[in-house]
Amino acid sequence: MNRVCEMLNIQYPIFQGAMAWIADHAIAAAVSEAGGLGIIAAGNAPGEWLRKEIRALKVMTDKPFGVNIMLLSPYAEEVANIVVEEGASIVTTGAGDPGKYINMWKEAGIKVIPVVPSVALARRMEKQGADAVIAEGCEAGGHIGELTTMVLIPQIVDAVNIPVIAAGGIADHRGFAATMMLGADAVQIGTRFLVAKECTVHENYKQRVIKASDIDTVVTGRSTGHPVRALRNKLSREFSKLEKQGASVEELEVLGAGGLRAAVVDGDVVNGTVMSGQIAGMVKEEQTAKEIIDDIMTEQNKRLSHIVE
Ligand code: TUI
């Protein structure tokens, strides 16, 4: 049996990406109910929001689910405690080093799975007691590291003994099979679940992703130390222009502030931040979470059996 499925008590080795502002109880419950691992993204939200989301998810499914703590959030400490209070059993983290929380979570019996963009951080996380790592390549949407999935996965697989979940640029059975070949034990998929029927992101956002082509994402924010991949639009062009002119981090933060919320909640895909992975060009239809998972699992079986025949 797959060691990630065994460790987390899930049916299929497919995590739903923890998309800030987007991944709430609705999509997470649908993914978990379909046999994958649904994940609620705490993002920049306060603790009470997370508490309500966890409780709402538990009404919809009794399957395992995860909570993602975005470590740049001003509420990171608060939400880190709430996952313990609310009895979540799996925590993933992003955008930083979760070292100071790992002991607290382990003592509460929580499985801890940090996102890592490098071999060094993967090794450090294993030493500090992480149960697995999510190795995310820069094909992913949102806040990204420097390395691609293709080079990151095998290097991290060689460096650690804990399971590795591959993320960044995976949306179908081919990406699934490819990352298994690179040594991953499971995958994490964001962009394709963003357009899932159960995902509550604004319809304009979904349509922007569905209509995107292969070259439509752009990375901004390298000068702030927090590069973000999103679909090209008026905001990304203004941001890039300011960055080239040498704008200060403060000026850029003012321009970016609230951008993700504007796109996700208000559907402003012109002046908002439409975070998306590079694989958006291949994501062409709205399906249920179950259809997405079943499609990947049946097709990858065919592909892998074809390769070994
Ligand atoms: O975290 C993500 N993706 C995100 S977070 C987010 S919300 C946000 N909005 C605006 C600015 C910044 C964030 C949107 N998308 N993915 C996981 C991820 N983690 N990617 C890269 C990293 C990462 C980077 C550095 C993880 C650890 C790390 O460690 C540095 C250190 O402290 O050693």
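Just so it is clear, the model here is predicted, and its values are computed rather than measured.

Caption draft 1: Geometry of helix α6 (residues 119–127). Considered for burial, the residues of α6 that qualify are Leu121, Ala122 and Met125. Viewed end-on, α6 has its buried residues packed into an arc of 105°, placing them on one side of the element. α6 presents Ala120 and Lys127 as exposed residues on the side facing more than 90 degrees away from its buried surface. Along its buried surface, α6 packs onto α5 (99–107), β5 (111–116), β6 (133–136) and α7 (149–159). Positive backbone phi, at 105°, marks Gly129, one or two positions downstream of α6.

Caption draft 2: Fine view of the site of the ligand. Inspection of the region around the ligand gives 14 residues, with Ala95, Gly96, Val115, Glu136 and His143 positioned closest. A distance of 2.9 Å separates a nitrogen atom of the ligand from a polar atom in the backbone of Ala95. For the ligand, a nitrogen atom lies 3.2 Å from a polar atom in the side chain of Glu136. Expressed as a share of its isolated accessible area of 720 Å², the protein-covered part of the ligand is 73%.

Caption draft 3: Inspection of the sheet that holds strand β7 (residues 142–143) at higher detail. Read across the open sheet, the three strands follow the order β7-β11-β10; overall the sheet is antiparallel. Of all the strands in the sheet, the pair left with one neighbour each is β7 and β10 (217–220). Here β7 pairs with strand β11 (residues 228–231) via two bridges, running antiparallel. Each residue of the ladder has a partner; that of Gly142, found in β11, is Arg229.

Caption draft 4: Main features of the pairing of β6. Burial along β6 is two-sided: the face carrying Val133 and Ala135 and the face carrying Ile134 and Glu136 are both buried. Crossover β5 to β6 through α6 is right-handed. Relative to strand β8 (residues 164–167), β6 runs parallel, the two sharing four bridges. Pairing of Glu136 across the sheet is with Ala167, part of β8.

What counts, and at which threshold
- Residues numbered from 1 in each chain as written.
- Predicted model: local features only at pLDDT ≥ 70, side-chain atom pairs only at ≥ 80, totals over all residues.
- Heavy atoms only, no water.
- Buried < 20%, exposed > 50% of the residue type's maximum accessible area, 1.4 Å probe, protein only.
- Helix = DSSP H or I, 4+ residues; strand = E, 2+ residues; numbered from the N terminus.
- Arc of directions from axis to C-beta.
- Contact = heavy atoms within 4.5 Å.
- Near = heavy atom within 4 Å.
- Polar contact = N/O pair within 3.5 Å; in protein donor to acceptor, adjacent residues only side chain to side chain.
- Areas by Shrake-Rupley, 256 points an atom, 1.4 Å probe, with all protein chains shown as cover.
- Pairing = 2+ DSSP bridges.
- Right-handed = clockwise from strand over helix to strand, strands pointing away.

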